[in-house]
Amino acid sequence: MELGGDERRVDSRTIYIGHRSCPASEAFIPPPKFCDNRIVSSKYTIWNFLPKNLFEQFRRIANFYFLIIFLVQVIVDTPTSPVTSGLPLFFVIIVTAIKQGYEDWLRHKADNEVNKYPVKVLEDGKPVDKDSEKIKVGDVVEVKENETFPCDLILLQSSRDDNTCFVTTASLDGESNHKTHYTVPDTEKDLDSLSATIECEQPQPDLYKFVGRMHIYKSNQEPAVRSLGPENLLLKGATLKNTQKILGVAVYTGMETKMALNYQGKSQKRSVVEKSINAFLLVYLCILLSKALVCTTLKYVFQNKPGQDEPWYNEKTQREKDTNLYLKMFTDFLSFMVLFNFIIPVSMYVTVEMQKFLGSFFIGWDKDFYDPEIKEGALVNTSDLNEELGQVEYVFTDKTGTLTQNNMEFIECCIDGFQYKYHDSSSELDGFGVTYGPMSKLQQKAGWEREELFLRALCLCHTVQVKESTEQPQGQEDGQKNQVDGSVLDGEVPSAPQEEKGFIASSPDEIALVKGAMRYGFTFMGLESKTMKILNKNDVEMYELLHVLNFDPVRRRMSVIVRTRSGDTLLFCKGADSSIFPRVKLEEVERIRMHVERSATEGYRTLCVAYKCLSAEEYEHADKGLKEARLALQDREEKLTAVYNQVETGMSLIGATAVEDRLQEEAAETMEALQGAGIKVWVLTGDKMETAKSTCYACRLFQRNTELLELTVRTLEERGRRREDRLHELLLEYHKKTVQDSPLAKTSWSVGNQDYGFIVDGASLTMVLNSSSDSNTSHYKNLFLQICQNCTAVLCCRMAPLQKAQIVKLVKNSKGSPITLSIGDGANDVSMILEAHVGIGIKGKEGRQAVRNSDYAIPKLKHLKKLLLAHGHLYYVRIAHLVQYFFYKNLCFILPQFLYQFFCGYSQQPLYDAAYLTMYNICFTSMPILAYSLLEQHIGMEVLLCNATLYSDIAKNAMLRWPPFIYWTLLGVYHGLLFFFGVRLLFGNLALPDNGQVFGNWSYGTIVFTVLVFTVTLKLALDTRHWTWINHFVIWGSLAFYVLFSLFWGGIIWPFLSQQRLYFVFANMLSSVSTWLVMILLVLLSLLPEILLPVLRKPRGPHARQKKMVESSEGGLQSPRSPARPLLMRTFSDESNTVI
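Residues numbered from 1 in each chain as written. Predicted model: local features only at pLDDT ≥ 70, side-chain atom pairs only at ≥ 80, totals over all residues. Heavy atoms only, no water.

A. Up close: the overall build of the protein. The helix and strand inventory of the protein stands at 35 helices and 36 strands. Counting across all 1140 residues of the protein, residues that qualify as buried make up 55%. Accessible area for the protein stands at about 49900 Å²; split by element, carbon and sulfur atoms hold 57% of it. (Helix = DSSP H or I, 4+ residues; strand = E, 2+ residues; numbered from the N terminus. Buried < 20%, exposed > 50% of the residue type's maximum accessible area, 1.4 Å probe, protein only. Areas by Shrake-Rupley, 256 points an atom, 1.4 Å probe, with all protein chains shown as cover.)

What follows is the structure, given as structure tokens:
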């Protein structure tokens, strides 16, 4: 068979249905080997887990660093045992490997469930049971109702009379509405005798695109060619609904299915805390290198003195004398590196991972996030970004379904310029009759024929399906069951024949319009065998459905071509005003435009309705063009669009509809709280400007005194100049107003001073981002961004999904790299959710794709307030304290070791025993900080929610900047110096015990270590504001464990130790009263600044603001919802204002 020129493509595949070859007259092309139907989402196998996991773990700088240190300890004669660094590293690697192995085991388990799923495959006309993984391309598969499709199938047969089937694709694109798919025309009823091949494109991830054609061979006839499109393709993972069974042929299997191609993983998001940790690590690495360098240098300076290099009691061996000086210096440098390496906190990574993982459960457990409607709470998909919730500077929100409920209700319509509003009254007579819910005329009335034409358009121009209800529940006899996204809505239904029916639609808008027509006496009865039925009062009208010109976001309209009983061919079209107005007569537009704009201003979603009578020649030309375009394998979408645009011209405008989408619960309060927290809110929507503007006013993003700056097509065309010239002029004007003329004292969180709102549409944004010259583009972007950043709120309307992501990326990459958050509920929001630092999905009516691709999912917009202002604030404070505390306690730990070298001839003598070196970070000091980082509430949640401005106090990574880091580092230096020299003063008289025995160097190190452990643990106790039994248990338990371990470790002779340095050292140390006194004194002196500084200094900065807010909550402003005092009574000190 000859292929057309543009279809002769290498990237297509030929599939033989049922593996039957085509007739001898056709050239047989042996089918290539396609992949099997196994799904593999796991990362590891039994054989590659160990090498692959170890490779990935050692790519982390800290792990690789400790591996090098461990190898140095093994190879070089170092002062400390390899166990001291090997054991903590081994612990970190094992814990991480177990966590990742467990997660991969779950993936293997999920893969097996899918791959072993039982399916029925037709062999010799009989269904045979097989595992899903054994399906091959070309197999004919049988799927029954409520089963999922095991691979991508072309629909060949359906049990429904109209050769359709209903499918939900919630697991794929999040759209849980019912979608209609069609069988390939002219296929045999007996598939066993079907001889056909399918030629289609190679696998690609776009869920909404599929191009192919089927060649059906019949004896002694030319092969019939039928086009294949997305309406014939059943995707793996989708579910069959309201259809008993279907038969389909496998075209894509396994990892080539569209579902598998869409699960290639999201880009890794990194939190700002990780970046701070890396910066601090570099500083401490420099400190480590400088310590090792100083000690190595001083060692050789010291040994140059007479008698110091080779004292009489420690003569060098011949091998030592022959060793190269520079090699020995390098070895000594490595030895000092090993001695001081504990200044780098390797265990911090494990603690941070555990804190993030365990902390994420608190979001899921929060009862305030539970929504009784959907019976679900919040969901955490990414625990790595918990602290980022406390650093958000920009929120990008969708409008429909996020700010609004996506629950549509037909409000009014306009026919030929006359407005009609529905009144639920049976006593008022107007035009349509008493029992059908009359239209009341607000001005005059359009002609009866125009009214009927308008209502017919509403009944015919849609993709709504009617579902027969098997049983009507009691109490709903007068109701209508309408399914949108699988949910049931109640509606008013005046006509008895429809009481047993329900609607299935791809969009809530469509049901609202069909229900609107029903109120006025035009009832859609359903589609049977390409025939659409309408009940006009008591008369049934029938229309033959010839073509559906599908809706898409670019055209922003849809059309149907139908034929009446009398033989007339009509095209009905509905869509956005910007899409319909250019395609109808100008005088008709003027009659309707005012009503459309007024409805949009009131916050309603508007659609315009038009029609056109097609002559026989016009229809024949359109029919031919559509069929040819649908058969094309290459550029099918472009060819179809061209035909659509050609047909949808010269139409006649009938009227417009207004549908209300109500605000989400507490949407206004949430937006107000976010702005009060210093967060900029941008609304990104595909809706028209007037509707979106009205929603922004309702949400209090725009106030009545807000001056709106508009950069839209309308303002660009105002003065009849070139658009680009006008764009430049407007940008300069708005920049002068918002940036140059604004007071410099204005801060990023003082929303009260910012009284500008900025409105931009998709077309204008395209001009800004894609100017005719590169220099202009950069200039326009900078002006545009500065204007936006100086406005209270920004509204971007008429946005395509890709433009939403471009806006987020523009802000994300701007100066200062502000933290961005995107929130949406639909598939069209996924791009901006993935682009932002933090993506939030709403579990709304537009399906679950946004939820699946998000980092966090919440049932309602109102939950965002607590997620950011309470959970986000606390997460950030906790982890910031954790990071600073880890660096601080390790500096305290290793500084005495460094100072000790000045008193031991730089001999690399360790101050602490190997057991203490190993267990300091693993056992003695790890649990208190972990508990703190999970449970701390320095300010109660209710106070944080009542005082949104507290959120701005920790903005821009306030607690992990250089000043707090330097404070913690200086504190560590002070404590380290105090520990070492305090104990040295004690050792002025070495005969400390009563029996006159002399304390040795291990006693010295043990006393220092004991003071260290008690000080850093009690420092954390002082910082704790919210005490629970867990905090008490781990803090006092850690101190008790240290004492018991020391007594146990030094009280027994361990046979596996070659030298037991601490035998009875700890017990002897405790027998000295002087030692007790010094230890208590040193701990008190160390913690004294922590107590005195907050008391003596005048409160300033964030914590003073927090305290003021807390006091105001306790005073006259206290409400029943903010029980601040009982929570604060559990803190260590109400008056304490310690910098944390």
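Here the narrative resumes, following the displayed structure.
B. Examining the packing of aromatic side chains more closely. For the coordinates displayed, the defined rule picks out 54 aromatic pairs. Residues Phe980 and Tyr1004 carry aromatic rings whose centres are separated by 5.5 Å and whose planes lie at 65 degrees to one another, so their mutual orientation is edge-to-face. Remark: Tyr1004 occurs in helix α30 (residues 1001–1023) and Phe980 occurs in helix α29 (residues 962–986); sequence separation between them is 24 residues. Each member of the pair, Phe980 together with Tyr1004, is buried. (Phe/Tyr/Trp six-rings, centres within 6.5 Å; stacked < 30°, edge-to-face > 60°.)

C. Just the pattern of salt bridges, in detail. A full pass over the atoms with the stated rule returns 37 salt bridges. The closest approach of N and O atoms between Glu544 and Arg563, which form a salt bridge, is 3.8 Å. With Glu544 in strand β25 (residues 539–549) and Arg563 in strand β26 (residues 557–563), this pair connects stretches of sequence that are 19 residues apart. Between Arg557 and Glu648 there is a salt bridge; the shortest N-O distance is 2.6 Å. Of the two residues, Arg557 sits in strand β26 while Glu648 sits in the loop between α15 (636–647) and β29 (652–663), which places them 91 residues apart along the sequence. Like Arg557, the residue Glu648 is buried in the burial classification. A single salt-bridge network, built from bridges that share partners, covers Asp371, Glu373, Glu665, Lys860 and Lys862. (Salt bridge = Lys/Arg side-chain N within 4 Å of Asp/Glu carboxyl O.)

D. Representation of the packing of helix α16 (residues 667–676) against helix α25 (residues 863–900). Close contact between α16 and α25 brings their axes to 9 Å; oriented N to C, the two are set at 20 degrees. As judged from the angle between their axes, α16 and α25 are roughly parallel. Crossing hand, α16 versus α25: left-handed. Along its contact with α16, which presents Thr670, Ala673 and Leu674, the element α25 presents Leu864, Lys865, Leu868 and Leu869. Considering only residue class, the contact of α16 with α25 consists of five nonpolar, one polar and one charged. (Axes fitted to C-alpha atoms, helices over the stretch in contact; angles between N-to-C directions. Parallel < 35°, antiparallel > 145°, perpendicular 65-115°, else oblique. Left-handed = near helix turned anticlockwise from the far one by under 90°. Contact = heavy atoms within 4.5 Å. Nonpolar A, V, L, I, M, F, W, Y, C, P; charged D, E, K, R; others polar.)

E. Representation of unusual backbone geometry. Residue Asn242 is not a glycine yet carries a positive backbone phi of 55 degrees. Position of Asn242 among the secondary structure elements: in the loop between β12 (239–241) and β13 (245–252). One non-glycine residue, Glu666, lies in the positive phi region at around 60 degrees. Note that Glu666 resides in the loop between β29 and α16.

F. Broad picture of α25. Here α25 spans 55 Å end to end across 38 residues, near enough to the 56 Å set by a 1.5 Å rise per residue. The sharpest bend along α25 measures roughly 35 degrees and falls at Gly872. Within α25, 37 of the 38 residues are buried, which leaves it mostly tucked inside the rest of the structure. (Expected span 1.5 Å × (residues − 1). Bend = angle between axes of the 7 residues up to and from the residue.)

G. Region of interest: the sheet that holds strand β31 (residues 707–711). In spatial order, the strands read β14-β36-β35-β34-β15-β30-β33-β32-β31; together these nine strands make up an open sheet with mixed pairing. For this open sheet the edge positions go to β14 (379–380) and β31, each flanked by a neighbour on one side alone. Across two bridges, the pairing between β14 and strand β36 (residues 856–858) is antiparallel. Pairing of Val380 across the sheet is with Tyr856, part of β36. (Pairing = 2+ DSSP bridges.)

H. Spotlight on the pairing of strand β23 (residues 522–528). Where burial is concerned, most of β23 is hidden: five out of the seven residues are buried. Looking at chain direction, β23 and strand β24 (residues 531–536) are connected through six bridges and run antiparallel. Residue Leu527 lies in a different strand from β24, and its bridge partner there is Met532.

I. Region of interest: the confidence of the model for the protein. Across the protein, the average pLDDT comes to 79, with 82% of residues at 70 or higher. Segment residues 1113–1140 is flagged for pLDDT under 50; beyond a separation of four residues in sequence, or across chains, it makes 57 contacts in the model. (pLDDT = per-residue confidence, 0-100.)

J. Seen up close, the pairing of strand β8 (residues 195–201). Most of β8 is tucked away: seven of the seven residues are buried. With five bridges connecting them, strand β1 (residues 12–16) and β8 associate as antiparallel partners. From the neighbouring strand, Ile15 faces β8, where its bridge partner is Ile198. Of the strand pairs in this sheet, β8 and strand β9 (residues 212–217) are connected by six bridges, and their pairing is antiparallel. When the bridges of β9 are listed, Ile198 appears paired with Met214.

K. Expanded view of the state of the cysteines. Here the structure, examined in full by the defined rule, presents zero disulfides. In this structure Cys608 is not part of a disulfide, and its nearest cysteine sulfur, from Cys414, lies 8.7 Å away. (Disulfide = S-S within 2.5 Å.)

L. Expanded view of the sheet that holds β9. With antiparallel pairing, four strands are arranged side by side in an open sheet as β1-β8-β9-β10. On the outer flanks of this sheet lie β1 and β10 (224–228), each paired with one strand and no other. Averaged over all pairs of adjacent strands, the angle between strand axes in this sheet comes to 20 degrees, irrespective of strand direction. Bridge count between β9 and β10: five bridges; the pairing is antiparallel. Paired with Arg213 across the two strands is Ser227, which belongs to β10.

M. Region of the structure containing helix α13 (residues 586–601). Between its first and last C-alpha, α13 extends 22 Å over 16 residues, near the 22 Å set by a 1.5 Å rise per residue. The largest bend in α13 is about 35 degrees, located at Ile592. Looking at α13, one finds that the buried residues are Glu588, Val589, Ile592, His595, Val596, Ser599 and Ala600.

N. Layout of a nonpolar patch on the surface. On the surface, Tyr974, Leu1081, Leu1085, Leu1088, Ile1091, Leu1092, Val1095 and Leu1096 cluster together into a nonpolar patch covering about 740 Å² of accessible area. With seven residues, the single largest contributor to the nonpolar patch is helix α33 (residues 1073–1096). Tracing the backbone shows Ile1091 in helix α33. A relative accessible area of 44% places Ile1091 in the partly exposed class. (Patch = residues over 30% accessible without salt bridge, like charges linked within 9 Å, V, L, I, M, F, W, Y side chains within 5 Å.)

O. Quick look at the UniProt feature "transmembrane region" (unreviewed entry) in the protein. Mapped onto the present numbering, the UniProt feature "transmembrane region" (unreviewed entry) falls on residues 58–76, 279–302, 333–352, 965–987, 1002–1021 and 1033–1056. Taken end to end, residues 1033–1056 has its terminal C-alpha atoms 33 Å apart, with 79% of it in helix and 0% in strand. (UniProt positions renumbered as here; feature names shortened; annotations may be inferred.)

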